[in-house]
Amino acid sequence: MPSVQPKKLKGRMFSVQAALPKYPVAPLEQTMKKYLKSLEPLLSEEEYRHTEKLCKEFQNGVGKTLQNKLLERAEKRDNWLSDWWRSVAYLGFREPVVINSNPGVLFPKADYNDIQGQLTYASRLIAGLLDYKVMIDEQTLPVEHLGKNPLCMMQYFQVLAACRIPLEKHDDWTCYPPDRPGAPKHITVIYNNNIFEVPVYGGDSKPLTTSQVRDQLSEVVKQGATAGEPIGLFTMEHRDNWANVYKKMIQDKTTKAALESVQRSIIVLCLDKSNNTMTDARTVSGHQMLHGRGSSYHTGNRWFDKTIQFIVGEDGYSGLNYEHTTAEGPPIIHLMDHCMKYISSGKDWSPATDVKPPTKLQFNLTQDVSDSLIHAKENADRMVSDLDLKVFVFDEFGKNFPKSQKVSPDSFIQNALQLAYYRHHKKTCGSYESASIRMFQLGRTETIRSCSTESLEFTRAMMDSNVSKQRKAELLRRAIDSHKQYTNDAISGKGIDRHLLGLKLTAAENNMEIPELFKDPAYTFSGSWRISTSQVPAKSESVLFFGPVVPDGYGFCYNPQEKCILFGVSSYKSNSVTLPAAKMAELIQDSLRDMRDVLAATMKANL
C-alpha cells in the first residue's frame, strides 16, 4: 500500500507542505568522491585503489545511464526514494521485526506499584493520546523545524490507526486515516494474552474522559482474568512464517474479523503484569519494551505489527514499541512527550455519552495454527535469550558540557562511541547514524557515516600515551567538525547512501546487470553497520533502543538531556566478537569522561 496522505491539506500542520523542496538526486561525481573519502579509514591501500578504479569506471560508464534514469524518476515523483525505502528497508525485510527493526522506548518510572495505579496511569496515557489525536485529525499540529527549515509532517498523519500485514515475500501496510468514512473509534487492549476491542469514543463521537477510559480498562481486566492464547507471538515470527499462518487464520470469518479489528484500531495498549525484579530494573524493563522478555513474561501480550503499542506495567514501568514502516523516532517521541505532559496535567474532557463496553476478540485456531504457535513460542524465546541490552544514565554531564566547549553534543557523543569501539576492537568499522531528511517532501532518513579519517586519527591518539592532551583535543575538535559537516550534508540532500541505493535499484528495476561497484567487497563491508546508532532527543528522561543490525555489531541509541545522557546499548550474546552490552556501556562512559578531561584541560591551559 502506498503512503497515505490527507484528502485535503488544511490548517497549520500542512501549511508549508506544498512548498517543501523535492528530495534531490545528488551529482554523481560528488557522491563518488564522498563515497571514496568515507572508505579511507576502513580499507587497506590496495583495497582502496581497487574501489577507486571501480568508482571511475562506474562514473564514466553505466553510472551515467543510471543517474539519468534516476533523474527521470525524480521528475515524476514527490520523492524518488520514499516508496523504494518502505519496500526495501521495511516491507520487503523478511527477518522478524522485533529486535531487528522495531525500536522500544522506556518512559520515566511512574509512582505506582499495583494494578489500580496501573489502570489510572494507562487511562491518563490514553486520554493524552486522544488529546493529541485531535490535533492530527484537525491538522492543527504546529510544523516542526530544523533550525529555520520547516519539516515534512506527513509521518504524523500515518502513525495512528495503522498496521503492518504479513504477506509472503513482501508485507503490506494499511492505515485508516481520520478524514475517511468509518474512521476507527477504538483501541486494542491486550491483557493476560487476551485481546479486546475497546471503544474510546462515545456514540456522540466525543473522546472518553480519563474516568471513562479507566472504567473500560477495569472491565478488560475483569474479563481477562483467565490467560488467553498468546497469539501475539506470531507477530515476532519470521515474516514468511507469520504470513503462512496468517493466510490460514483469515479463512475463519470470526478470526479474520478479530485481526481486522486490531489492524483498524487507533493503537494497541498492552497491560503487563509486574516484572518482579529489583536488579537493574531499568534494563529489565528495557527488554520488556523491546521484545516482552519471552513467552513466560510479556511477549505473548503484544502485537508487534501495530505501528504504535503502548506498554504499561503493573510495577510503574511503561513505554512503547513501534513498527518502523511509516515513521522514524521523532514523530513517535513527539506523541510520547505530549502524553507524558498530559498525564501530569489536570486536563480532561467532558464525559461522552452512549459508551459501548469492551469486546473480547475471538480467535478460532485450527490444530495446524496451534502447532505453529508452539514453534513461534520457541523461536521467540530463542531470540529473546540471545539479545544483550543495557539501559543506563550517564549523569556526570549532558549537553551542557559539549555546548560549553562550543561543539556539537551529537558529534561529541558519536566520537565517544567511536572511541569506545576502538578501545576494545582496535579497529574501525562501518558506522551508521540516522539523519532526518524531512526538510524534503516525504523525506525519511539518510546515513551519517560516523567513522571518518578524522575520527580514526582522534581515537588512535587517545590510545597513545605519548600524544599530548593539547594534540588530542585538537584531533577531537577536528573529528567533531568532520562529523558535523557530514551531518549537515546528509540532512540537506548531499548524503551518499540513499543515492547509491537508488542507482542500484534503478539497475534492478530496468533489468540491467548489477554494476561491479555494488559487488565490490568494500561496498558490502562499509555498509555492514557494526555500529548502528541514533540520537532520539525527548523532553522527558525517556530512552529508545533497538537491536544490532548485524550479528557482530552493536545498537546504540541515546537521549541527550541538559545534565545527563540516557543510553540504550545492545549486542548479541551468541557472538564471540562483540562485548556484553554492560561492558560496552562502561567503555562509553570511560570515553565520555576522557574526552571531557581532554577538552577541559586544554581550555584551562588556554585561559
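Description of the structure in this document. Note that the structure is predicted; figures quoted are calculated from it, not measured. (Residues numbered from 1 in each chain as written. Predicted model: local features only at pLDDT ≥ 70, side-chain atom pairs only at ≥ 80, totals over all residues. Heavy atoms only, no water.)

### Comments concerning the sheet that holds strand β7 (residues 194–199)
What holds strands together in a sheet is hydrogen bonding between their backbones, with the strands either parallel or antiparallel.
And step 1. Here we have 8 strands laid out as an open sheet, ordered β11-β7-β6-β8-β9-β10-β1-β16, and mixed in their pairing. Edge positions in the open sheet fall to β11 (359–360) and β16 (543–545), since each of these has one partner strand only.
And step 2. One ladder, built from 3 bridges, connects strand β1 (residues 104–106) with β16; its direction is antiparallel. Looking at the pairing, L106 lines up with V543 of β16.
And step 3. Sheet strands in contact with helix α5 (residues 115–137) are β6 (186–191), β8 (268–272), β9 (308–313) and β10 (318–322), and its direction is about 155° off that of β9.
And step 4. In the packing of helix α10 (residues 329–344) onto the sheet, the strands contacted are β1, β9 and β10, and the crossing angle to β10 comes to about 155°. (Pairing = 2+ DSSP bridges. Helix = DSSP H or I, 4+ residues; strand = E, 2+ residues; numbered from the N terminus. Contact = heavy atoms within 4.5 Å. Axes fitted to C-alpha atoms, helices over the stretch in contact; angles between N-to-C directions.)

### Digging into the sheet that holds strand β15 (residues 531–535)
And step 1. With mixed pairing, the 6 strands of this open sheet are ordered in space as β12-β18-β17-β15-β13-β14. Sheet topology places β12 (387–394) and β14 (445–449) at the edges, where each strand pairs with a single neighbour. Each neighbouring strand pair of the sheet contributes to a mean axis angle of 20°, computed without reference to strand direction.
And step 2. Looking at chain direction, β12 and strand β18 (residues 565–572) are connected through 8 bridges and run antiparallel.

### A short note on the state of the cysteines
Covalent bonding between the sulfur atoms of two cysteines defines a disulfide.
And step 1. Within this structure, the stated rule accounts for 0 disulfides.
And step 2. C152 takes part in no disulfide bond, and the closest cysteine sulfur, belonging to C175, lies 14 Å away.
And step 3. With no disulfide of its own, C270 has C163 as its nearest cysteine by sulfur position, at a separation of 12 Å.
And step 4. Among the residues examined, C270 registers a relative accessible area of 0% and is labelled buried. (Disulfide = S-S within 2.5 Å. Buried < 20%, exposed > 50% of the residue type's maximum accessible area, 1.4 Å probe, protein only.)

### A short note on the packing of α5 against helix α6 (residues 210–223)
And step 1. Close contact between α5 and α6 brings their axes to 8 Å; oriented N to C, the two are set at 130°. Taken together, the axes of α5 and α6 are oblique relative to one another. When the axes of α5 and α6 are compared, the crossing they make is right-handed. Touching I115, Q116, L119, T120, A122, S123, R124, I126 and A127 of α5 are T210, V213, R214, L217, S218 and V221, all from α6.
And step 2. Of the residues in the contact of α5 with α6, the class split is 8 nonpolar, 5 polar and 2 charged. (Parallel < 35°, antiparallel > 145°, perpendicular 65-115°, else oblique. Left-handed = near helix turned anticlockwise from the far one by under 90°. Nonpolar A, V, L, I, M, F, W, Y, C, P; charged D, E, K, R; others polar.)

### Overview of α6
And step 1. Under the 1.5 Å per step criterion, the end-to-end length of α6 is 20 Å for 14 residues, consistent within 8% with the ideal 20 Å.
And step 2. Structurally, α6 contributes buried residues whose contacts are with α5, β6, β7 and β8. (Expected span 1.5 Å × (residues − 1).)

### Some thoughts on the environment of T445
And step 1. In this fold, T445 is placed in strand β14.
And step 2. Separated by 364 residues in the primary sequence, T445 and L81 have C-alpha atoms spaced 10.0 Å apart.
And step 3. Those residues in contact with T445, other than ones at most four positions away along the chain, are W85, E328, Y432, S434, A435, I437 and R498.

### Focus on the pattern of salt bridges
And step 1. For the structure on display, the rule yields 34 salt bridges.
And step 2. K347 is paired through a salt bridge with D131; the nearest N and O atoms lie 2.8 Å apart. Separated by 216 residues along the polypeptide, K347 in the loop between α10 and β11 and D131 in helix α5 bring together distant segments of the chain.
And step 3. By relative accessible area, which is 43% here, K347 ends up partly exposed.
And step 4. Judged by its relative accessible area of 8%, D131 falls in the buried class.
And step 5. Between K519 and E516 there is a salt bridge, with the nearest N and O atoms lying 3.5 Å from each other.
And step 6. By relative accessible area, which is 43% here, K519 ends up partly exposed. (Salt bridge = Lys/Arg side-chain N within 4 Å of Asp/Glu carboxyl O.)

### Brief notes about the packing of aromatic side chains
And step 1. Scanning the entire structure with this criterion turns up 22 aromatic pairs.
And step 2. Here a set of aromatic residues connected by ring pairs shows up, and it is made of Y23, W80, W84 and F440.
And step 3. Lying over the aromatic face of Y176, R264 brings its terminal NZ or CZ to 4.8 Å of the ring centre.
And step 4. In this arrangement the basic side chain of R293 is found over the ring face of Y297, its NZ or CZ atom lying 3.8 Å from the centre. (Phe/Tyr/Trp six-rings, centres within 6.5 Å; stacked < 30°, edge-to-face > 60°. Lys NZ or Arg CZ within 6 Å of the ring centre and 35° of its normal.)

### Things to note about the nonpolar core
And step 1. Core analysis: the biggest nonpolar cluster contains 67 residues, and I267, L269 and F310 have the highest contact counts within it.
And step 2. In terms of residues, this core owes the most to one element, α5, which gives 10 residues.
And step 3. Filtering out sequence-adjacent residues up to four positions away, F310 remains in contact with F107, L125, L129, I267, V268, L269, C270, G319, L320 and C339.
And step 4. Among the nonpolar cores identified, the runner-up in size contains 44 residues, and V97, I99, F363 and V391 belong to it. (Core = buried A, V, L, I, M, F, W, Y, C linked by side-chain atoms within 4.5 Å.)

### Concerning the pairing of β10
And step 1. For β10, a buried count of 5 out of 5 residues is recorded, marking the element as mostly surrounded by other parts of the structure.
And step 2. Every second residue of β10 is oriented toward a common face, with S318, L320 and Y322 on one face and G319 and N321 on the other, all of them buried.
And step 3. The pairing of β1 with β10 spans 3 bridges and is classified as antiparallel. Counted as the bridge partner of L106 is G319 from β10.
And step 4. Alignment of β9 against β10, held across 5 bridges, turns out to be antiparallel.

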